[in-house]
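# Reading the structure
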Amino acid sequence: MSAEGAGPGPGSEAGPLCPEHGQALSWFCDSEGRPVCAACAELGGRCRGHRIRRAGERAEELRNKIVDQCERLQLQSAGITKYVAEVLPGKNQRAVTTASAARELVIQRLSLVRSLCESEEQRLLEQVHGEEERAHQSILTQRVHWAEALQKLDTIRSSLVGMLTHLDDLQLIQKEQEIFEWTEEAEGILDPQESEKLNFNEKCTRSPLLTQLWATAVLGSLSGTEDIRIDERTVSPFLQLSDDRRTLTFSAKKSKACVDGPERFDHWPNALAATSFQAGLHAWTVNVQNSCAYKVGVASGQLPRKGSGSDCRLGHNAFSWVFSRYDQQFCFLHNGQHEALGLLQCPARLGVLLDLQARELLFYDPASGTVLYTHHAPFPGPLFPVFAVADQTISIVH
């Protein structure tokens, strides 16, 4: 486009001049996106071949864009004003109403839980009191019974001693029937035998509700407090231990880099934690979602480490208590005995609670709040968290 002889467009005013030609910038180069003078726009100018138009046209286009933008901003402002004036107050009121309803729901449900806990507490305390009274009454009955037996034995003994002391041979022979009857009566008094009726039955305190609430509370309050890590000296050569000593990965190929030692399991894919417990309450969680073959539980430090026998296999000896999964089969294992557990779903995480004072080992599913299994027995200390992996990976959650 030629701009020869063209002057400033309508509405143009004196302003900056072209630094190259000293002429007014009355044209606009779309290709370079800047105002230019007539000389720049001519055929021999720097903008030859470019799309050139009058600066006023470009200015008018910009004015129209500004007007459109102002209209959009006005509409946007009106929308925001309406939103602030009409929508937000309603949202605020709904938030207040919903929060109030949520607050009432929390209070209502916790009130029901408290009421249920109080009722369960009363029921269990009454059971404890009743069991204590029963045991006490059984002991009193035994005291009376054995007091009478002692008195009877003492009377028979005194009579027999009197015969020995005061009767001659003929008189003694004449008393033979009486001696026989006293002897028979004494033989009828049996020696005391151990009886469970004389012991307080601790099972009276076992309540599925209390156990579940207690397990949930323990795992909630102790979460992260048990810094359980694997003792690398015990790790089987079929397992790989992560750098943080919390993850065990099964390998079908035995590691040759694993240095053998007295603490290491040399056949079964087992590992012990570095921490042991002798008293108190302890809880830890294991991520087991990636494994279809594992064992998690506790073991005595006396657990043998060498060989392929059952004495080293977790759950198949008197030194280990474990929750076991193999494919879709779950069970509790101890001393070669297993109790099958009919679980409806595979737990992604497994919580372990060890209460040495109460002599209780509990396995728990944190996701569903379900107690999977509880074992009551005296445990020889110290006890170590123990793990076995025969598929993929398990990790101690921290």
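All of these numbers come straight from a predicted model, not from anything done at the bench. The residue numbers shown here count from 1 along each chain, following its written sequence. Local features are withheld for residues below a pLDDT of 70 in this predicted model, meaning they are given only at 70 or higher, and side-chain atom pairs are given and counted only at 80 or more; totals for whole chains, interfaces and linings count all residues. Just so you know, side-chain values use all the structure's heavy atoms and leave hydrogens and water out.

## Some words on a nonpolar patch on the surface
- A surface patch of nonpolar side chains, amounting to about 410 Å² of accessible area, comprises Ile80, Tyr83, Val84, Val87 and Leu88.
- Helix and strand definitions follow DSSP, with helices as H or I runs of at least four residues and strands as E runs of at least two, each counted in order from the N terminus. Mapping Val84 onto the fold places it in helix 2 (residues 55-166).
- Here's how the labels work: a residue is buried when its accessible area is under 20% of the maximum for its type, exposed when over 50%, partly exposed in between, all with a 1.4 Å probe on protein chains only. Taking relative accessible area as the criterion, Val84 reaches 46% and is therefore assigned partly exposed. Note on patches: the residues involved have over 30% relative accessible area and no salt bridge, like charges join within 9 Å, and the nonpolar side chains Val, Leu, Ile, Met, Phe, Trp and Tyr join within 5 Å. Here the Shrake-Rupley method, with its probe set to 1.4 Å, supplies the accessible areas, and only the displayed protein chains count as covering residues. One speaks of a salt bridge when a side-chain nitrogen belonging to Lys or Arg is within 4 Å of a carboxyl oxygen belonging to Asp or Glu.

## Some details on the pairing of strand 12 (residues 349-355)
- A large share of strand 12 lies buried, amounting to six of its seven residues.
- Bridge analysis of strand 7 (residues 281-287) against strand 12 gives seven bridges, and the strand direction is antiparallel. Each bridged residue has a counterpart across the sheet, and for Val286 the counterpart in strand 12 is Leu350.
- Strand pairing is defined by DSSP finding a minimum of two bridges between the two strands. By the bridge criterion, five bridges tie strand 12 to strand 13 (residues 360-365) in an arrangement that is antiparallel. Bridged to Val352 within strand 13 is Phe363.

## Quick word on the pattern of salt bridges
- In this structure the tally under the stated criterion is 17 salt bridges.
- The partner of Arg359 in a salt bridge is Glu202, and the shortest N-O contact between them spans 2.9 Å. Linking Arg359 in the loop between strand 12 and strand 13 with Glu202 in the loop between helix 4 (176-187) and helix 5 (208-221), this pair joins segments that are 157 residues apart in sequence.
- Arg359 sits in the partly exposed class, given a relative accessible area of 36%.
- Taking the shortest distance from any N to any O, the salt bridge between Asp227 and Arg246 comes out at 2.8 Å. Placement of the pair is Asp227 in the loop between helix 5 and strand 4 (239-241) and Arg246 in the loop between strand 4 and strand 5 (247-250), with a sequence separation of 19 residues.
- In this structure Asp227 comes out as partly exposed when scored by relative accessible area, which is 39%.

## With respect to the confidence of the model for the chain
- pLDDT measures the predictor's confidence residue by residue and takes values from 0 up to 100. Here the chain shows a mean pLDDT of 88. Residues at 70 or above account for 95%.
- The low-confidence segment residues 1-12, where pLDDT is below 50, has 16 contacts with residues more than four positions distant or belonging to other chains. By definition in these notes, contact holds between two residues if any of their heavy atoms fall within 4.5 Å.

## Points about the packing of helix 2 against helix 4
- Only C-alpha atoms enter the line fits that serve as axes; for helices the fit covers just the stretch in contact. Angles between N-to-C directions range over 0 to 180 degrees. Contact geometry for helix 2 and helix 4: axes closest at 10 Å, N-to-C directions at 150°. Viewed along their axes, helix 2 and helix 4 adopt a mutual orientation that is roughly antiparallel. Every pair of crossing elements has a handedness; the one defined by helix 2 and helix 4 is left-handed. Between helix 2, through Lys152, Leu153, Ile156, Ser159, Leu160 and Met163, and helix 4, the contact on the second element is made entirely by Glu178, Ile179, Trp182, Glu185 and Ala186. Throughout, the term roughly parallel applies to angles under 35 degrees, roughly antiparallel to angles over 145, roughly perpendicular to angles from 65 to 115, and oblique to all others. If you view the pair so one helix is near and one far, a crossing is left-handed when the near helix is turned anticlockwise from the far one by less than a right angle, and right-handed when it is turned clockwise.

## So, the sheet that holds strand 10 (residues 329-334)
- Read across the sheet, six strands follow the order 6-15-8-9-10-11 without closing on themselves; strand pairing throughout is antiparallel. In the strand order of this sheet, the two ends are held by strand 6 (270-272) and strand 11 (337-341), each with one partner. The mean inter-strand angle of the sheet, taken between neighbouring strand axes irrespective of direction, is 20°.
- One ladder, built from six bridges, connects strand 9 (residues 320-326) with strand 10; its direction is antiparallel. Paired with Trp321 across the bridge in strand 10 is His334.

## A few points about the sheet that holds strand 2 (residues 34-36)
- Strands sit in the order 2-1-3 across an open sheet of three strands; the sheet is antiparallel. Edge positions in the open sheet fall to strand 2 and strand 3 (52-54), since each of these has one partner strand only. Within this sheet the neighbouring strands show an average axis-to-axis angle of 40°, counted without direction.
- Bridge count for strand 1 (residues 27-29) against strand 3 is three bridges, and the pairing is antiparallel. Paired with Phe28 across the strands is Arg53, a residue of strand 3.

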